[in-house]
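Each chain, written out:
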Amino acid sequence: MSSLHSVKKIIKDRIHEGSVVVEGWVRFVRKSKQFCFVVFNDGSTQDNMQIVVDASLSNYAEISKMINGTSISVLGDLRVSEGKGQAVELDAKEFTIVGHVEADYPLQKKATSLEFLRENAHLRARTQLFGAVFRVKNALSYATHRFFQEQDFYWIHTPILTASDCEGAGEMFRVSTLDPKNPPLDDKGEIDYTKDYFGAPTHLTVSGQLNVECFSMGLNKVYTFGPTFRAENSHTHRHLSEFWMIEPEIAFAGLDEVADLAIEYMKYLINYCLSHCPKELEFIEKRESPGLVERLQGVVTSEVVKITYTKAIEILEAAHAKENFEFAPKWGIDLQTEHERYLTEGFHQGPVIVTDYPKDIKAFYMKLSDDGKTVRAMDVLVPGIGEIIGGSQREEKLDTLKKRIKEMNLSESDYWWYLDLRKYGTAPHGGFGLGFERMVQYVTGLHNIRDVMAFPRVQGNAKF
Ligand code: ATP
Ligand code: MN
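As the structure is a computational prediction, the values presented were derived from the model and not from experiment.

Colleague: Explain the site of ligand 1 to me, using residue names and the numbers behind them.
Modeller: Lining the immediate environment of ligand 1, one finds 15 residues, of which Glu232, His239, Glu387, Ile388 and Arg438 sit closest. Residue Arg438 places a side-chain N or O atom 2.8 Å away from an oxygen atom belonging to ligand 1. About the coverage of ligand 1: the protein hides 82% of its 580 Å² of free accessible area. Residue assignment for the shell around ligand 1 shows that the elements contributing at least two residues are β11 (242-251), β15 (386-394) and β16 (429-435). If one sorts the elements of the shell around ligand 1 by residue count, β15 sits on top with four residues. Tallied by class, the residues present in the shell around ligand 1 amount to six nonpolar, four polar and five charged.

Here it is as structure tokens:
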């Protein structure tokens, strides 16, 4: 009896003998006089497998001419390999070519640039690099749920369509069923969104935070993990228009607990990948990220540095003469990319948590400190990327929150339900948002966020 096996299973279960069927895509064929070696990958794991094909097979001529990308199904006998680099190989008995590759296959060449692969996003999953990156991404996703579930958090699905705008966390995409050529107008001549599908202006969510806060006030430890959308008009290596975000929220907790949770979670993710994706990380390191594994090991074993914004500004001001920043650091400004880089690559080599930002550069819902000038906010910054997490303790006092809404020229009536949380059994609480693709960037060391999203959406491009 022979049955279909994945290469992952063969290796994991140390299957060294017996008759099996394997299916996958050819990487290359090496010929000799009496036989040829077909090296293929089936996607289940980073490891390729070698098939030995004897010239006596009836379709040998065709097999020996196969090119990279050909899909195959092979029945054969497993045996311990004498060659280096693999434990087992397959002795082919029946070799079926499932799909040939036409001559214009774009990925024929061995070395293809990341730019070129972005243009061929529908094919790039076939490369070893993208196989590795997306298996790592899968592991991070699984580890995320595992981490929060182990800590007794509940996963809440917050809405994707929403009529509230989460304090303008980002530019929003409008969702409407109105006829764009002939929209209904109100008496001021403006588009009348009360006639729109939801009876109000509606957008794709930029964050699930305000919604998940409601659930935190009942279930205490909760998290979201889902897609968010921002009509970014900047072209950077770390912004997408569609990305996934993880947003935990905890009740009866302050900023210190939130920061501790963020550190524990990040270290858990990295540890999980180090132990579950060693081959993937090794491959990515070799191809794109020199020193990757050692760097990741360094992150999990070292203390994460935590400084206040005020201290960060002092550090940056002291470094300004030497670094000659484009934007002069000064208390009150938002940290620029160059500042974030200095903090994580110059001042310290590794993640840095910056806390207690000026209230004027942060959102209305963040907890006002007794100094009246700063809020209990934190950003986690990492080398190469900058901000990877943004979080805060939330303002739980009704009066202070109302005052902040007014100060920031927002309208109380838009947030009536959010204010209700402070009226009925309020409690200190807080949470953060981690951009999932930025975390994948960090763990893989890939420079461009478009290379860790299957089909990235950015301004001017929603292809595929
Ligand atoms: P940035 O300053 O980098 O634009 P932000 O301050 O807008 O970030 P938040 O609103 O705090 O970010 O969102 C929480 C997290 O979501 C960020 O720390 C980041 O990891 C991620 N994030 C934000 N915008 C994007 C984006 N356009 N693409 C991918 N991830 C993003
Ligand atoms: Mn932003």
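What follows picks up the thread again.
Colleague: Pulling in residues and values, what's your account of unusual backbone geometry?
Modeller: The backbone of Asp152 shows a phi angle near 65°, a positive value even though the residue is not glycine. As for its placement among the helices and strands, Asp152 is situated in the loop between α4 (128-150) and β7 (154-155). For Asn324, which is not glycine, the phi torsion reads 50° and is therefore positive. Inspection of the secondary structure puts Asn324 in the loop between α9 (309-323) and α10 (337-347). In this structure Asn324 comes out as exposed when scored by relative accessible area, which is 60%.

Colleague: Report on the packing of helix α6 (residues 255-276) against helix α13 (residues 436-444), specifying residues and quantitative values.
Modeller: As a packed pair, α6 and α13 sit with axes 11 Å apart at the nearest point and diverge in direction by 50°. Classified by the angle their axes make, α6 and α13 are oblique. Crossing hand, α6 versus α13: right-handed. Residues Met266, Leu269, Ile270 and Cys273 of α6 touch α13, and the partners they reach there are Met439, Tyr442 and Val443. For the contact of α6 with α13, the class distribution of residues is seven nonpolar, no polar and no charged.

Colleague: Tell me about the pairing of strand β5 (residues 71-80), and please be specific about residues and values.
Modeller: The element β5 is extensively covered by neighbouring structure, given that seven of its 10 residues are classed as buried. Direction of pairing for strand β2 (residues 18-31) relative to β5: antiparallel, over a ladder of eight bridges. In the strand pairing of β5, Val20 is matched with Gly76. In terms of strand pairing, β5 meets strand β6 (residues 88-99) through 10 bridges, oriented antiparallel.

Cut-offs applied
Residues numbered from 1 in each chain as written. Chains lettered and ligands numbered in written order. Predicted model: local features only at pLDDT ≥ 70, side-chain atom pairs only at ≥ 80, totals over all residues. Heavy atoms only, no water. Near = heavy atom within 4 Å. Polar contact = N/O pair within 3.5 Å; in protein donor to acceptor, adjacent residues only side chain to side chain. Areas by Shrake-Rupley, 256 points an atom, 1.4 Å probe, with all protein chains shown as cover. Helix = DSSP H or I, 4+ residues; strand = E, 2+ residues; numbered from the N terminus. Nonpolar A, V, L, I, M, F, W, Y, C, P; charged D, E, K, R; others polar. Buried < 20%, exposed > 50% of the residue type's maximum accessible area, 1.4 Å probe, protein only. Axes fitted to C-alpha atoms, helices over the stretch in contact; angles between N-to-C directions. Parallel < 35°, antiparallel > 145°, perpendicular 65-115°, else oblique. Left-handed = near helix turned anticlockwise from the far one by under 90°. Contact = heavy atoms within 4.5 Å. Pairing = 2+ DSSP bridges.

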